[in-house]
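If you want the building blocks of each chain, they are given just below.
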Amino acid sequence: MALASALVWKEHCIECAIPDCYSVCPLFVARADNKCARFMYGIYANTRFNGLFDFGADVHFRRWGKLEARLVGGADSPRRLRQFALLDRATLSVVSPIASGLARVDPKRKLNGLYRAVSERAIARVTRPRSRGGARFDDFVIEVYNPNPEPVGLIVEVQRDRPVYRTSVLLAPGPNLHRIAYRELEGFLGGQGGRLLVYPENDAEVRLVFQWLDLVRYTSRSEAGPKASKSPARASIPILPDEGMGKQEFAAQPADPRGSGRPDPATKVKCLAWDLDNTLWSGVLVEDGPAALNLRPGVVELIKDLDARGILNTIVSKNDHDMAWQKVTDLGLAEYFVSPAINWGPKSANLKAIAEVLNIDISTFVLIDDSAFERGEVAAALPQVRVVAETEIGMLMGRPEFDVPVSVESAGRRLSYLAEDKRRAIAASSGDSYEEFLKSCEMKTVLFAPTNPDERERVLELLLRSNQLNLSTRRYTESELEAVLADNSILSLAFRCSDKFGDYGIVGFLTISMAGTTPFLRDLVISCRIAKKKVENAIFTWLVTNLGATGAANLEAGYLPTPRNHVLLDTLTEVGFVLDNERDGIQTLNLTFDREIPAGAIVDVVANGVQMPSPTAGPGKRRAAPS
């Protein structure tokens, strides 16, 4: 391993709204420093797991808990990062007892916090010059042990002033290794103030042990192969001791030593590359024509068996691309092949290109080809790639290298690679367009009236906790909220969001008074996790359409400025609200329905049984929302 980034991972909250949340949030749990504990026992150094520091970062997430690292540090060798960690722990062994002894006069543990801030700046300063020297990375590596009996979805986000990247990985029970290619992240990681976020999908309260959570550059690409995957250089996760934390541990096998990096085939296969003529089908396309070609016996069964095991299928064929791909499509097999290479170039070069695109080590590939010449060319150029003749189609599944572990994720592996192909195509066509990125996320918002206790509890949490994205900052009691929800002259809507990476849950709530001639937006609270993702634009587009259908021509809003909620004002201004008047510190904003809301169609909106009160009818009368 040549380099690893100097990321410092910390405990944070997805719905962070300090300091008000310390007093009003129903989920607040005080740590020793009186800040909120979003992990059950902090970040525990679990020595049952091997890593750079001979431990894994053991975290039991509470609701809204997340790991967060600022993208301000540089990168350094694993040896140097070990030295920094040893110095860090030695210094903490002195600082922490002093801080604990001063707890009565320093309840917020400011000495610990001061030391942490100084140490982070020191590491960033020492490593940054090395990153300026051209420290490009290869991957963001996620190695996690999941002790839970069920799979866990893990969200990975990059944020600067807004979310700019989001993806998810599925953690099967037991050990997991995922890589996100650095080239996929590179455009989002630049600049100051960026943050890298990692947290369980859908607010799951789960326990995970992070062994590797870092940007890395390999000494050689062979380090990314299966032999290396068991014990790469681990993430630089400084661990701050937590007094009184639960020291729960569980057994795990030590990591295997890294392989030598010789150009030998990997132990297990990850991708089978198919030739077409006289291999996938009988005959030669450009000579015999598409109509004369038939699939060879056992081909379909082999492709589907590989797919079920999580082994990818691709194509490496010297052929006319359009004609050949049309034939593959006509045979009903196009959906099974990822990143196919159909051209007249050398097959060894095409294999290397596919491996780079898929971010799979070339030693995990097998080429099946009827031509002894092509097999020889690949074997000479890429000795780590297995080459087999088409006569072995019926025997491949019996080979030990094809006997791979099958997990929950295996059956969907091809779909995730096809989705990544689509993402790359969208990114290539959209350039730096943030809106095109959001479209690729396939976001959906569902509007509904909160009726069951869990829904109402979540709405109350949002009202009590939200500061930056809160229109009125009105703090409801449970009884006050029930009264609002029961008032037929008030349109009360909660909304939940999801995208192709996972479910955000209930992320917002609004109330609109319909008692007067003009609808009046009384409350609007939005979770920061969907801030600036154009969800607000889509909801107001829906409101304009449906309020307009009741006869209204505009929507007014009562905005109470605070030191923190100017973020929401920026959003409302973008949507089209303008200042109408100000009285007693409350600004009345106005949105007319005669203009189109920008970016209002990026997020799909669905309304489940929403009833619209008429603005001129008064309390007690509702009108069904147009479908």
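Note that this is a predicted model, so its numbers are computed, not measured.

Caption draft 1: Molecular detail of the overall build of the chain. Within the chain, the secondary structure is distributed over 16 helices and 29 strands. With 627 residues in all, the chain has 53% of them scored as buried. Considering only contacts within the chain whose residues lie at least 6 apart along the sequence, 74% involve residues at least 24 apart. Summed over its atoms, the accessible surface of the chain is roughly 27,000 Å², and 52% of this surface lies on carbon and sulfur atoms.

Caption draft 2: Fine view of the sheet that holds strand β17 (residues 341-343). As summarised here, the arrangement of the five strands in space is β17-β16-β13-β18-β19, forming an open sheet in which the pairing is parallel. Each of the sheet's edge strands pairs with one partner strand only, and the pair in question is β17 and β19 (386-388). Adjacent strand axes in the sheet meet at a mean angle of 20 degrees, parallel and antiparallel pairs treated alike. Looking at chain direction, strand β13 (residues 271-274) and strand β18 (residues 365-368) are connected through four bridges and run parallel. The residue of β18 that forms the bridge with leucine 272 is valine 366. Strands in contact with helix α7 (residues 299-308) are β13 and β16 (312-318); relative to β13, the strand with the most contacts, it is inclined by about 155 degrees.

Caption draft 3: Expanded view of the pairing of β13. Residues Cys271 and Ala273 point to one face of β13 and Leu272 and Trp274 to the other, with burial holding for every one of them. The sheet contact formed by β13 and β16 spans four bridges and is parallel. Looking at the pairing, cysteine 271 lines up with leucine 312 of β16.

Caption draft 4: View of the pattern of salt bridges. Taken as a whole and assessed by the stated rule, the structure comprises 19 salt bridges. Here arginine 474 ties to aspartate 523 by a salt bridge, and the two come within 2.5 Å at their closest N and O atoms. Of this pair, arginine 474 sits in the loop between α13 (453-465) and α14 (478-486) while aspartate 523 is found in strand β23 (residues 520-526), placing the two residues 49 residues apart along the sequence. On the accessibility criterion, aspartate 523 (1% relative accessible area) is buried.

Caption draft 5: Spatial organisation of helix α15 (residues 535-549). A rise of 1.5 Å per residue sets the reference length of α15, with its 15 residues, at 21 Å; its end C-alpha atoms lie 21 Å apart and thus fit the reference within 8%. Counting buried positions along α15 gives 11 out of 15 residues, so the element sits mostly inside the fold. Three or more residues of α15 are buried, namely Val535, Glu536, Asn537, Ala538, Ile539, Phe540, Trp542, Leu543, Val544, Asn546 and Leu547. Positive backbone phi, approximately 105 degrees, marks glycine 551, located one or two places after α15.

Caption draft 6: Inspection of the nonpolar core at higher detail. Core analysis: the biggest nonpolar cluster contains 49 residues, and Leu510, Ile512, Leu521, Leu524, Phe540 and Phe577 have the highest contact counts within it. Counting residues per element, the ones that place at least two in this core are α12 (434-441), β21 (490-499), β22 (502-513), β23, α15, β24 (554-559), α16 (566-575) and β26 (586-592). Here this core takes eight residues from α15, the largest share from any one element. What isoleucine 512 contacts, discounting residues up to four positions off in sequence, is Ser489, Ile490, Leu491, Pro519, Phe520, Leu521, Arg522, Leu543, Leu547 and Leu555.

Caption draft 7: Quick look at the packing of helix α9 (residues 347-358) against helix α10 (residues 372-381). Direction vectors running N to C along α9 and α10 enclose 60 degrees, while the axes themselves pass 8 Å from each other. By the angle between their directions, the pair α9 and α10 is classed as oblique. Packed against α9, whose contacting residues are Lys347, Ser348 and Leu351, the element α10 presents Glu374, Glu377, Val378 and Ala381 at the interface. The class makeup of the residues in the contact of α9 with α10 is three nonpolar, one polar and three charged.

How each quantity is defined
Residues numbered from 1 in each chain as written. Predicted model: local features only at pLDDT ≥ 70, side-chain atom pairs only at ≥ 80, totals over all residues. Heavy atoms only, no water. Helix = DSSP H or I, 4+ residues; strand = E, 2+ residues; numbered from the N terminus. Buried < 20%, exposed > 50% of the residue type's maximum accessible area, 1.4 Å probe, protein only. Contact = heavy atoms within 4.5 Å. Areas by Shrake-Rupley, 256 points an atom, 1.4 Å probe, with all protein chains shown as cover. Pairing = 2+ DSSP bridges. Axes fitted to C-alpha atoms, helices over the stretch in contact; angles between N-to-C directions. Salt bridge = Lys/Arg side-chain N within 4 Å of Asp/Glu carboxyl O. Expected span 1.5 Å × (residues − 1). Core = buried A, V, L, I, M, F, W, Y, C linked by side-chain atoms within 4.5 Å. Parallel < 35°, antiparallel > 145°, perpendicular 65-115°, else oblique. Nonpolar A, V, L, I, M, F, W, Y, C, P; charged D, E, K, R; others polar.

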